[in-house]
Amino acid sequence: MMSRRKLIAGNWKMNGLSGALGYFSELAPVAAGASADVLVCPPATLIHAAVQACAGTGIRVGGQDCHAQDHGAHTGDISAAMLRDCGASHVILGHSERRADHGETDGDVRAKAVAALAAGLVPVICVGETLAEREAGRAVEVVARQLAGSLPENSAILDLVIAYEPVWAIGTGRTASAADVAAMHAAIRERLPNPLTTCIIYGGSVKPGNARELLSLADVDGALVGGASLDAADFSAIIEAVSLENEPLR
Ligand code: PGA
């Protein structure tokens, strides 16, 4: 079986001033010994400084959103080319907070993903159902529709990451059960044009205490971590859970 390298990604959301950059010196030794790729997505204001702080560490830095156009009259927006220009390697797209707060549709996410790929960024495309959709038994149908609408056409040969983030698990302290995560990741994988090579990561209240169980699931190739990524020690513990995943749980 082809093995996919795991990815542990931190999403700082709208948190972090320049004083937060000491975080990267704490994270660097952990990332150096990690069995996973490590990505941190700070707010746009810190990307350039974070890239400089991470030079030579192997930690990748990403954006949290980009515009679908590469330049133009779009006040307040940032293009994929601009993210790439300041050293980002990835960009989170279609996060449920962007879909809810900014009305982003699957079509918007697809256009942004096309722009990100054209600029040389790896898109981390987020999908996930609401609690009402899960309780109505529609979780797989909703996620399948988001995937169909958000992935660029001809994505078979493209380098992208899918993040499954049930909306009701984000920032709530509730995680989906291991069985539900495993079932959804398998359902996502069977709908991908390039199932063997696409990295599918889980997000939603991932913490040091639950990371090992979630990361040990067959189709879970990593984690997208919000709140717990703000603390270097917690984020480090999640990264270290990747190398523990094959050891028996005691
Ligand atoms: P959380 O956020 O870990 O705080 O639940 C995850 C995310 O929104 O990516």
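Look up a bit, the structure's there.
Our subject in this report is the structure included herewith. (Residues numbered from 1 in each chain as written. Predicted model: local features only at pLDDT ≥ 70, side-chain atom pairs only at ≥ 80, totals over all residues. Heavy atoms only, no water.)

Re helix α8 (residues 178–190)
So, point 1. With 13 residues, α8 should cover 18 Å at 1.5 Å per step; its first-to-last C-alpha distance of 18 Å lies within 8% of that length.
So, point 2. Within α8, burial applies to Ala 178, Val 181, Met 184, His 185, Ala 187, Ile 188 and Arg 189.
So, point 3. Where α8 is buried, its residues touch β5 (122–127), α6 (131–135), α7 (139–150), β6 (161–164), β7 (199–203) and α9 (208–215). (Helix = DSSP H or I, 4+ residues; strand = E, 2+ residues; numbered from the N terminus. Expected span 1.5 Å × (residues − 1). Buried < 20%, exposed > 50% of the residue type's maximum accessible area, 1.4 Å probe, protein only. Contact = heavy atoms within 4.5 Å.)

Digging into the side chain of Asp 221
So, point 1. Considering the arrangement of structural elements, one finds Asp 221 in the loop between α9 and β8 (222–225).
So, point 2. Overall, the relative accessible area of 3% leaves Asp 221 in the buried class.
So, point 3. Of note is the side chain of Asp 221, whose polar atom sits 3.0 Å from the side chain of Arg 4.
So, point 4. Here the side chain of Asp 221 touches Arg 189 through a polar contact of 2.7 Å, side chain to side chain.
So, point 5. Sequence-distant contacts of Asp 221, that is, excluding residues within four places in its chain, are made with Arg 4, Arg 5, Lys 6, Leu 7, Arg 189, Thr 198, Cys 199, Ile 200 and Ile 201. (Polar contact = N/O pair within 3.5 Å; in protein donor to acceptor, adjacent residues only side chain to side chain.)

Focus: the packing of aromatic side chains
So, point 1. Enumeration according to the criterion identifies 4 aromatic pairs in this entry.
So, point 2. Geometrically, the ring pair formed by Trp 12 and Phe 24 is stacked, given 5.8 Å between the ring centres and 20° between the ring planes. Highlighted residues: Trp 12 in the loop between β1 (6–11) and α1 (23–32) and Phe 24 in helix α1, separated in sequence by 12 residues.
So, point 3. Residue class for Trp 12 comes out buried when judged on its relative accessible area of 3%.
So, point 4. What makes Phe 24 buried here is its relative accessible area of 2%.
So, point 5. Grouping aromatic residues by their ring pairs yields a cluster made of Trp 12, Tyr 23 and Phe 24. (Phe/Tyr/Trp six-rings, centres within 6.5 Å; stacked < 30°, edge-to-face > 60°.)

Observations regarding the sheet that holds β5
So, point 1. An order of β1-β2-β3-β4-β5-β6-β7-β8 is seen for the 8 strands of this closed barrel, with the pairing classed as parallel. Across the sheet, the axes of successive neighbouring strands diverge by a mean angle of 25°, strand direction being ignored.
So, point 2. Where strand β4 (residues 90–93) lies against β5, 4 bridges are found, and the strand directions are parallel. Within the sheet, the bridge partner assigned to Ile 92 lies in β5 and is Val 124.
So, point 3. α7 contacts β5 and β6 of the sheet and is inclined by roughly 150° relative to β5.
So, point 4. α8 rests against β5, β6 and β7 of the sheet, and its axis sits at about 145° to β7. (Pairing = 2+ DSSP bridges. Axes fitted to C-alpha atoms, helices over the stretch in contact; angles between N-to-C directions.)

So far we have only geometry, and geometry alone does not tell us how the molecule works.
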